[in-house]
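Coordinates in review
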Amino acid sequence: MARFSLRNPYLIVVVFLIVAVVGLTSVVRMPVDLFPDIKIPQVVVATFYNGMPPEQIENDITGRFERFFTLGAGIDHMESRSLPGVSIIKVFFQPGTNADSDVNEISNLAMADLRRLPPGTLPPIVQKFDASSLPVCLITLKGEGLNEVQLRDFGQFAVRNQLAGVPGAGLGSC
């Protein structure tokens, strides 16, 4: 190999230049995404009942919803968590299902079962869960001489409104 390279230096230079040009054009044309689209069909259902202990949330809300959600098509498995006043259920679907129709199906099942929940239970929030919906940044405020209410108002009405104008920004609760 070394002997061939020494006898044909121009050929080696041309091959090197071809490899460099092809490599550079490939790098320039290669699509790069900081947060690639990850297709994991999941739906999250959050239901709130203020003041209810976790054990009662588990029995009266989470367990009922989990049993009722088994009527849905294409469900792989479910994970749930019951916290004080909150029921969170993650419904995982078989790969290849349409995430929008999964949200619609679970939302319809949740609303159909709502009348069987304890009186005063807020309607469930049903959302598609994917990697692109996770927060990228969390902003916290600290104010010298401001109390908690003033700081919250500043964040809600000043900082939040400024961030709303940023292209591609999605704002959560404050």
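Quick look at the structure, then.

Regarding its fold elements, the chain presents five helices and four strands. The N-to-C order of helical and strand elements in the chain reads α-α-β-α-β-β-α-β-α. The burial tally for the chain puts 24% of its 174 residues in the buried class. When contacts within the chain are restricted to residue pairs at least 6 apart in sequence, those whose partners lie at least 24 apart make up 59%. Summed over all atoms, the accessible surface of the chain reaches about 12700 Å², with 61% contributed by carbon and sulfur.

As a further point, take the environment of Ile 61. Relative to the elements of secondary structure, Ile 61 occurs in helix α3 (residues 54-69). Using a relative accessible area of 0% as the deciding quantity, one classes Ile 61 as buried. Sequence separation of Ile 61 and Asp 113 is 52 residues, and the distance between their C-alpha atoms is 9.7 Å. The contact partners of Ile 61, leaving out residues within four places of it in the chain, are Thr 47, Tyr 49, Met 52, Gln 56, Ser 87, Leu 117, Pro 118 and Thr 121.

Attention now goes to the sheet that holds strand β4 (residues 125-129). Spatially, β2-β3-β1-β4 is the arrangement adopted by the four strands of the open sheet, whose pairing is antiparallel. Looking at the sheet topology across the chains shown, the edges are occupied by β2 (75-83) and β4. Taken pair by pair, the neighbouring strands of this sheet meet at an average axis angle of 20 degrees, ignoring direction. Bridge count for strand β1 (residues 42-48) against β4 is five bridges, and the pairing is antiparallel. Directly across from Val 43, in β4, lies its bridge partner Lys 128. The strands that helix α4 (residues 99-113) touches are β1, β2, β3 (86-93) and β4; relative to β4, the one it contacts most, it runs at about 160 degrees.

Next up on the list: the packing of aromatic side chains. Throughout the structure, instances matching the rule amount to one aromatic pair. With a centroid separation of 5.3 Å and an interplanar angle of 5 degrees, the aromatic rings of Phe 65 and Phe 69 are classed as stacked. Pair noted here: Phe 65 and Phe 69 are both in helix α3, with a separation of four residues, about one helical turn.

Attention now moves to α3. Remark: the principal bend of α3, roughly 35 degrees, maps to Thr 62. For α3, the set of buried residues is Ile 57, Ile 61, Thr 62, Gly 63, Phe 65, Phe 68 and Phe 69. Its buried side turned inward, α3 meets β1, β2, β3 and α4.

What follows concerns a nonpolar patch on the surface. Where nonpolar side chains cluster on the molecular surface, the patch consists of Phe 4, Leu 11, Ile 12, Val 15 and Val 19 and spans about 420 Å² of accessible area. It is helix α2 (residues 9-29) that provides the largest number of residues to the nonpolar patch, a total of four residues. Under the relative-accessibility criterion, Leu 11 is labelled partly exposed at 42%.

This next bit is on the nonpolar core. In terms of nonpolar packing, the biggest core is built from 19 residues, with Val 43, Val 45, Phe 65, Phe 69, Val 91, Ile 106 and Val 126 touching the most fellow members. Breaking this core down by element, the ones donating at least two residues are β1, α3, β3 and α4. Residue contributions to this core peak at five residues, all from α3. Those residues in contact with Val 43 that sit more than four places away from it in its chain are Ile 89, Lys 90, Val 91, Phe 93, Asp 102, Val 103, Ile 106, Val 126, Gln 127 and Phe 129.

With that out of the way, let us pick up the pairing of β2. The side chains of a regular strand alternate between both faces of the sheet. Pairing of β2 with β3, which is carried by eight bridges, proceeds in the antiparallel orientation. Pairing of Ser 82 across the sheet is with Ser 87, part of β3. Connecting the antiparallel pair β2 and β3 is a turn made up of two residues, with Gly 85 showing a positive phi of about 80 degrees.

Thresholds, definitions, all that
Residues numbered from 1 in each chain as written. Predicted model: local features only at pLDDT ≥ 70, side-chain atom pairs only at ≥ 80, totals over all residues. Heavy atoms only, no water. Helix = DSSP H or I, 4+ residues; strand = E, 2+ residues; numbered from the N terminus. Buried < 20%, exposed > 50% of the residue type's maximum accessible area, 1.4 Å probe, protein only. Contact = heavy atoms within 4.5 Å. Areas by Shrake-Rupley, 256 points an atom, 1.4 Å probe, with all protein chains shown as cover. Pairing = 2+ DSSP bridges. Axes fitted to C-alpha atoms, helices over the stretch in contact; angles between N-to-C directions. Phe/Tyr/Trp six-rings, centres within 6.5 Å; stacked < 30°, edge-to-face > 60°. Bend = angle between axes of the 7 residues up to and from the residue. Patch = residues over 30% accessible without salt bridge, like charges linked within 9 Å, V, L, I, M, F, W, Y side chains within 5 Å. Salt bridge = Lys/Arg side-chain N within 4 Å of Asp/Glu carboxyl O. Core = buried A, V, L, I, M, F, W, Y, C linked by side-chain atoms within 4.5 Å.

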